Amino acid sequence: MVYPQEQVDELKRYASKVGALTEGNEIYILLEELRLPEGCEPASCDALLRPFKGADGYPSQLYFSVLVKSPYSRNWNIVDARICERNWFAFSWNVNVMSPTLVKILLAHLSGFTKEK
Amino acid sequence: MENNEVDIFEFAQRGEDVPEARAYHVRIDGEKFRIDTAHPTGEMLLAKVGKRPCAFELIEEFVHRENDVVEPDEEVDLRKKGLKGFITAHKEIVTIFINGEPYRIERGDRTVKEILDKVNETPEGYILLEEKNGPPMPLPTDKPVRIRGCEVFHTQAQSGGSS
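Residues numbered from 1 in each chain as written. Chains lettered and ligands numbered in written order. Predicted model: local features only at pLDDT ≥ 70, side-chain atom pairs only at ≥ 80, totals over all residues. Heavy atoms only, no water.

### Section: the overall build of chain B
Counting its secondary structure elements, chain B contains three helices and 14 strands. Taking 163 residues into account, the globule formula puts the C-alpha radius of gyration at 15 Å, and chain B, at 21 Å, lies well above it. With the C-alpha coordinates aligned to their principal axes, the bounding extent of chain B is approximately 75 × 30 × 20 Å. With 163 residues in all, chain B has 44% of them scored as buried. Restricting to contacts in chain B with at least 6 residues of sequence separation, those with at least 24 account for 51%. Distance from the positive charge centre (23 side chains) to the negative charge centre (33 side chains) of chain B: 3 Å. (Helix = DSSP H or I, 4+ residues; strand = E, 2+ residues; numbered from the N terminus. Rg over C-alpha atoms; globule rule 2.2 N^0.38 Å. Buried < 20%, exposed > 50% of the residue type's maximum accessible area, 1.4 Å probe, protein only. Contact = heavy atoms within 4.5 Å. Lys, Arg positive; Asp, Glu negative; His and termini not counted. Charge placed at Lys NZ, Arg CZ, Asp CG, Glu CD.)

### What about a negative patch on the surface?
Residue and element names in this part refer to chain B. On the surface, a cluster of negative charge is contributed by Glu43, Glu71, Asp73 and Glu74. Relative to the helices and strands, Glu43 is located in helix α2 (residues 42-48). Given a relative accessible area of 43%, Glu43 falls into the partly exposed group. (Patch = residues over 30% accessible without salt bridge, like charges linked within 9 Å, V, L, I, M, F, W, Y side chains within 5 Å. Areas by Shrake-Rupley, 256 points an atom, 1.4 Å probe, with all protein chains shown as cover. Salt bridge = Lys/Arg side-chain N within 4 Å of Asp/Glu carboxyl O.)

### Re the nonpolar core
Within the largest apolar cluster, 46 residues are counted, with the highest numbers of intra-cluster contacts made by A:Leu31, A:Leu34, A:Leu36, A:Leu62, A:Phe64, A:Leu110 and A:Phe113. A per-element tally of this core places helix α2 (residues 102-110) of chain A first, with seven residues. Every residue in contact with A:Leu36, bar those within four places of it in the chain, is listed here: A:Pro42, A:Ala43, A:Ser44, A:Cys45, A:Phe64, A:Val68, A:Leu110, A:Phe113 and B:Met137. Judged by nonpolar contacts, the second largest core, of 25 residues, contains B:Val26, B:Ala38, B:Cys54 and B:Leu78. (Core = buried A, V, L, I, M, F, W, Y, C linked by side-chain atoms within 4.5 Å.)

### Considerations on the environment of B:Glu71
Residue and element names in this part refer to chain B. Looking at the element boundaries, Glu71 is found in the loop between β5 (68-70) and β6 (83-90). For Glu71, a relative accessible area of 44% translates into the label partly exposed. Taking the C-alpha atoms as reference points, Glu71 and Glu43, separated by 28 residues in sequence, lie 7.8 Å from one another.

### With respect to the state of the cysteines
Between two cysteines, a covalent bond joining their sulfur atoms is known as a disulfide. Taken as a whole and judged by the stated rule, the model has one disulfide over all chains. Between the sulfur atoms of B:Cys54 and its disulfide partner B:Cys150 the distance amounts to 1.9 Å. For the disulfide bridge between B:Cys54 and B:Cys150, the dihedral angle about the S-S bond is near 100 degrees, and by the sign convention the bridge is right-handed. Placement of B:Cys54 in the loop between α2 and β4 (56-62) and of B:Cys150 in the loop between β12 (145-147) and β13 (152-157) is noted, with a sequence separation of 96 residues between them. Judged by relative accessible area, B:Cys150 falls into the buried class, the value being 14%. Distance from the sulfur of A:Cys45, which forms no disulfide, to the nearest cysteine sulfur (A:Cys40) is 8.8 Å. The cysteine A:Cys84 is free of any disulfide, with A:Cys45 supplying the nearest cysteine sulfur at 16 Å. For A:Cys84, a relative accessible area of 12% gives the class buried. (Disulfide = S-S within 2.5 Å.)

### Description of the side chain of B:Glu5
Residues and elements named next belong to chain B. Among the structural elements, Glu5 can be located in strand β1 (residues 5-7). On the basis of relative accessible area, Glu5 is assigned to the buried category, the value being 8%. Of note is the side chain of Glu5, whose polar atom sits 2.7 Å from the side chain of His25. With residues up to four places along the chain from it excluded, the contact list for Glu5 reads Ala21, Arg22, Ala23, His25 and Arg34. (Polar contact = N/O pair within 3.5 Å; in protein donor to acceptor, adjacent residues only side chain to side chain.)

### Looking at the interface of chain B and chain A
A common way to express how large an interface is: the accessible area buried when the components associate. Across the boundary between the two partners, chain B contributes 22 residues, which contact 23 residues of chain A. Inspection of the region where chain B meets chain A yields two salt bridges. Across the contact surface, chain B and chain A share seven residue pairs in polar contact (both at pLDDT 80 or more). Counting only elements with at least two residues in the side of chain B that touches chain A, the list comes to β10 (126-131), β11 (136-138) and β14 (160-162) of chain B.

Laid out in structure tokens, this is it:
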């Protein structure tokens, strides 16, 4: 994986398995059984972290394998996006992390489940 | 029990001095433990019952005197006359850890704001993460956080919003 190993290792606390998936020249991070914040249903699911700017204009994106129920309703504006030969879902959440690391980006996206706006 | 192991409770009941011994049998919350030194610290004794000073205090119980609180780093003299054992009590003001530093806070339901106040941060500027049975995870800003003592929190600058 092209990402710093220590940052990838930090992600391993959040998922049962961390791997890389390539599409074109871009490397996504697959987080198998990613733990989700308390109150989410399901409590974990597979996720795909895109820690780089995409065609959607967002500096990063976290895709989920299912539509997650959370204490706050979210605008799931990406439904069944086909990436790395799987379908993914994502809600509208713009993240701009100062001094980003992979875990900081992940947590910034997950915080979308825990606040109203 | 071997000859050079003594039960301090029995000596306290008889009003006798506790002799020097290889090990001391001590009651903590009614459960008996073998202690290899006459001068354990409060923290060491609390650990015997699986408790930590960030949430619990240790109290010496005597036969004919009032109880005394033992500080975590205080050395107890197990040969002190009349000392019959120890009890533990949940503290009202407990210690939590935020970004690796200890902070004192009242036990019970606290708001995210109250916790972030400890590190001069606000919910508008920071996410509060709790490390509980796993990695640090973001906490909802509008729900109370149950504080029992020893909780571990982290903060991260707010960097996301609905778009």
